[in-house]
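Coordinate inspection notes
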Amino acid sequence: MRIFILFCLSLALSAPAKAEGFSQVTDRQKFVSLVDGRKLTRFGIKLDVTRDGRIVGRAFGRPVTGAWDWRSGYFCRDLYWGDYEIGANCQAVKVQGATLRFISDRGTGQFADLQLR
């Protein structure tokens, strides 16, 4: 079952990065203004990204914990999904309306779209 959930999670976070209609978020203050007091959601995922650098929530029935900071225009995070270490990654962030797009590997990798609620 764990392998199946990891497979589903990887599919949910693995689409080619297209940025049509999205604007780049380049500074921490703008990012915090977008996420402060709001949940980031996607099917099976609900996260709080706090202004003090914490990430807490749930994904597919397991707790998600982690930390983040802003480095040279990128959202850099380190995550755990339950006991499983997802690891560190610096990501480009783009916004379109109530959608935040996180693009792994400093904007060169896969992306995940999360809704601001």
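Residues numbered from 1 in each chain as written. Predicted model: local features only at pLDDT ≥ 70, side-chain atom pairs only at ≥ 80, totals over all residues. Heavy atoms only, no water.

**Observations concerning the state of the cysteines**
Under the convention used in this document: In this description, the term disulfide denotes a pair of cysteine sulfurs within 2.5 Å. Secondary structure elements follow DSSP: runs of H or I of four or more residues count as helices, runs of E of two or more count as strands, with numbering from the N terminus.
Enumeration according to the criterion identifies one disulfide in this entry. A sulfur-sulfur separation of 2.0 Å characterises the disulfide bridge that pairs cysteine 76 with cysteine 90. Between cysteine 76 and cysteine 90 the sulfur-sulfur dihedral comes to about 110 degrees; the bridge is accordingly right-handed. Within this pair, whereas cysteine 76 is found in strand β6 (residues 74-81), its partner cysteine 90 is found in strand β7 (residues 84-96), the two being separated by 14 residues in sequence.

**Some remarks on the pairing of strand β5 (residues 62-71)**
What counts, and what does not: We call two strands paired when DSSP finds no fewer than two bridges between them.
By the bridge criterion, six bridges tie strand β4 (residues 54-59) to β5 in an arrangement that is antiparallel. Residue arginine 58 lies in a different strand from β5, and its bridge partner there is proline 63. The hairpin formed by β4 and β5 contains two residues between the paired strands, and phenylalanine 60 there has a positive phi angle of roughly 50 degrees. Two elements, β5 and β6, share eight bridges in a ladder whose sense is antiparallel. Of the residues in β6, the one forming a bridge with arginine 71 is tyrosine 74. In sequence, β5 turns back onto β6 through a hairpin of two residues, with serine 72 there showing a positive phi of about 50 degrees.

**Details of helix α2 (residues 28-35)**
For the record, the criterion: Each residue gets one of three labels from its accessible area relative to the maximum for its type: buried under 20%, exposed over 50%, partly exposed in between, using a 1.4 Å probe on protein chains only. Each direction from the helix axis to a C-beta atom contributes to the arc, which is the arc of those directions. Polar contacts, as used here, are pairs of N or O atoms within 3.5 Å; protein pairs need one atom able to donate a hydrogen and one able to accept it. Residues neighboring in sequence count only if both atoms are side-chain atoms.
Looking at α2, one finds that the buried residues are Phe31, Val32, Leu34 and Val35. Buried residues of α2, viewed axially, fall in a sector of 160 degrees; they line one side. Of the residues in α2, the exposed ones pointing more than 90 degrees away from the buried face are Gln29 and Ser33. Between the side-chain oxygen at the start of α2 and the backbone nitrogen of glutamine 29 there is a gap of 3.2 Å, and the oxygen is on aspartate 27.

**Structural notes on the nonpolar core**
To be explicit about the condition: Remark: nonpolar core denotes a set of buried residues (Ala, Val, Leu, Ile, Met, Phe, Trp, Tyr, Cys) joined through side-chain atoms within 4.5 Å.
Phe31, Leu40, Phe75 and Leu100 are the most contacted members of the largest nonpolar core, which totals 24 residues. Put simply, the parts of the chain that give this core at least two residues each are α2, β3 (45-49), β4, β5, β6, β7, β8 (99-103) and β9 (111-116). By residue number, the principal contributor to this core is α2, which donates four residues.

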